[in-house]
Amino acid sequence: MNPFEQKPIQLKDCIMDWCTVYPKPYNKMEADPYTKVRIILMNGIEVESIIFKHQFQRNCNNNDIRRELALSRRIEQQQKHINWLKPIDETPLETTIGYEHVAVDLTAWLAQNEPNPYVKQALDFALLEDFDHLYRYANLLDLDKQIPSQQLVKSFVDITPGRPTIAEHRFPFDSVRNPIDSKTADIRTKLNTLIITAAEQQTMNFYMNLGNYYYNDLGRQLYLEIAMIEEQHVTHYDSLLDPNCTWLENLLLHEYMECYLYYSFYQNEVCQNTKSIWEMHLEQEIAQLHQAAALLKKYENKDWQQVIPDGNFPKLLTFHDTREYVRQVLAQQVCLTANREGYIPVTELPQDHEFFFYQNRVNHDVNSVPSHKVVKEHQMKFNVDYRAEAQPNPVPELSDRTNDNTQIARTR
Ligand SMILES: [Fe+2]
Ligand SMILES: [Fe+2]
Ligand SMILES: [Fe+2]
Ligand SMILES: [Fe+2]
């Protein structure tokens, strides 16, 4: 499928009336977890589209382009059409379980389909951190409401410690990666880096805005701590993006990414209502892709092929059980930390490394670290933590359900 070869609809025909833009929500107990995952991801993709186009406008002095962007941003209000699929009775914490489920399964899929080894390493690295967030939030949900998160994710993903959140806090200098070069990068790498950046940015926004609505201190503290890591993840991923792309080249890539994802999800959506939304939005994105290509031609005299040499979509994105892959990465990489643009086992860091300065600064009182506290309180109340795993945790140091390990991946 090559979206550049499709006949686009008119941009004005993409504007929705109130009845169309307000969707029929899914049923939180019956919906396929991957339908929820696709909805959460596409909401984040649309948010990125909107924010990107606002930033573009602020850096553009041509009102003809700014008007095109304004029209295009209005069409990107597809975001509302998607985000309102969330039902009234789904709580923010239940949605949060979905966010971390997205982070795990999306990151694992991208890592398994990433041709650039440096980008793959970046994905594997952060995968283990979001995997641990899922476990911490699941403990909060079980502690406060006795709702087993396993019911929400329907056993498609293990809930067990990853690289412990307490070990993820690093000095900011160690979160900046080397950017890719979009002149030579594979289209899969360009798509993967844009997709994961959008997903992590939405997770950051969600926690930073809704974390303080939680109804008790421990929950508010947990959101605050994990929101810090999501900001770190956004730095980690958006530093991979090519800073030499022009705004219009970047616009084209954004529209192409949206076409690719809607087409992928249209192909494998099991919920008919949601599938029809993916189909409608795909049409709208194809129209926007053609608009972006026309703007690139008009203002930079470049053909779309100079940015996307082959318009045919690469392998489509499909969510599936990634438990085996995650277990393998966890077994091999749990002890890694970041060191400037690269990664290193914590045990090999010199004593005076900034990692230890930062850890000491924020975590000097281990018992006040929320991600540890939530598991400890669960253990105090129920004797063991909350976890749901098909097989025991592949890291023996993380297998004790009565004692949360705060040393691994953190101390020399
Ligand atoms: Fe969109
Ligand atoms: Fe996360
Ligand atoms: Fe994350
Ligand atoms: Fe778009």
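Reading the values: the criteria
Residues numbered from 1 in each chain as written. Chains lettered and ligands numbered in written order. Predicted model: local features only at pLDDT ≥ 70, side-chain atom pairs only at ≥ 80, totals over all residues. Helix = DSSP H or I, 4+ residues; strand = E, 2+ residues; numbered from the N terminus. Rg over C-alpha atoms; globule rule 2.2 N^0.38 Å. Buried ≥ 20, exposed ≤ 12 C-beta atoms within 10 Å, placed from the backbone. Contact = placed C-beta atoms within 7 Å. Axes fitted to C-alpha atoms, helices over the stretch in contact; angles between N-to-C directions. Parallel < 35°, antiparallel > 145°, perpendicular 65-115°, else oblique. Left-handed = near helix turned anticlockwise from the far one by under 90°. Nonpolar A, V, L, I, M, F, W, Y, C, P; charged D, E, K, R; others polar. Expected span 1.5 Å × (residues − 1). Pairing = 2+ DSSP bridges. Core = buried A, V, L, I, M, F, W, Y, C linked by C-beta atoms within 7 Å.

A. Structural detail: the overall build of the chain. For the chain, the helix and strand inventory stands at 14 helices and two strands. Expected size for 412 residues packed as a compact globule is a radius of gyration near 22 Å; at 21 Å, the chain falls within 12% of this value. Principal-axis analysis of the C-alpha atoms places the extent of the chain at approximately 60 × 45 × 35 Å. Within the chain, the proportion of its 412 residues that are buried is 48%. Here the contacts in the chain between residues at least 6 apart in sequence split such that 82% fall between residues at least 24 apart.

B. Focus on the packing of helix α2 (residues 33–58) against helix α10 (residues 247–268). With their axes 11 Å apart at the nearest point, α2 and α10 run at an angle of 165° to one another. Judged by the angle between their axes, α2 and α10 are roughly antiparallel. As α2 runs across α10, the sense of the crossing is left-handed. Residues R38, M42, I45, S49, F52 and F56 of α2 form the contact with α10, whose participating residues are W247, L251, H254, E258, L261 and F265. In terms of residue class, the contact of α2 with α10 is built from eight nonpolar, two polar and two charged.

C. Representation of helix α11 (residues 272–300). A rise of 1.5 Å per residue sets the reference length of α11, with its 29 residues, at 42 Å; its end C-alpha atoms lie 41 Å apart and thus fit the reference within 8%. Phi for N301, located one or two positions after α11, is positive at around 50°.

D. A look at the pairing of strand β1 (residues 336–339). Pairing geometry for β1 and strand β2 (residues 342–345), over four bridges, is antiparallel. By the bridge assignment, N339 is partnered in β2 with G342. As consecutive antiparallel partners, β1 and β2 are separated by two residues, and within that stretch R340 has a phi angle of approximately 50°, a positive value.

E. Quick peek at the nonpolar core. Counting residues in hydrophobic clusters, the biggest one holds 101 residues, and the most contacted among them are L127 and L252. A total of 15 residues in this core trace back to one element, the largest contributor, which is helix α6 (residues 117–145). Residue contacts for L127: discarding those within four places in its chain leaves V104, T107, A108, A111, V326 and V329.

F. Quick look at the environment of I65. Along the chain, the position of I65 falls in helix α3 (residues 63–75). By C-beta crowding, I65 is classed as partly exposed, having 18 other C-beta atoms within 10 Å. Each C-alpha atom, one on I65 and one on L295, is 7.8 Å from the other, the two residues being 230 residues apart in sequence. Ignoring any residue separated from it by four or fewer positions in sequence, one finds I65 in contact with C60, L295 and Y299.

G. Main features of the packing of α2 against helix α5 (residues 92–112). At a minimum axis distance of 9 Å, the contact between α2 and α5 shows a crossing angle of 90°. Taken together, α2 and α5 sit at an angle that is classed as roughly perpendicular. Across the interface between the two elements, P33, K36, V37, I40 and L41 from α2 touch G98, Y99, H101, V102, D105 and L106 from α5. Residues of the contact of α2 with α5, tallied by class, amount to seven nonpolar, two polar and two charged.

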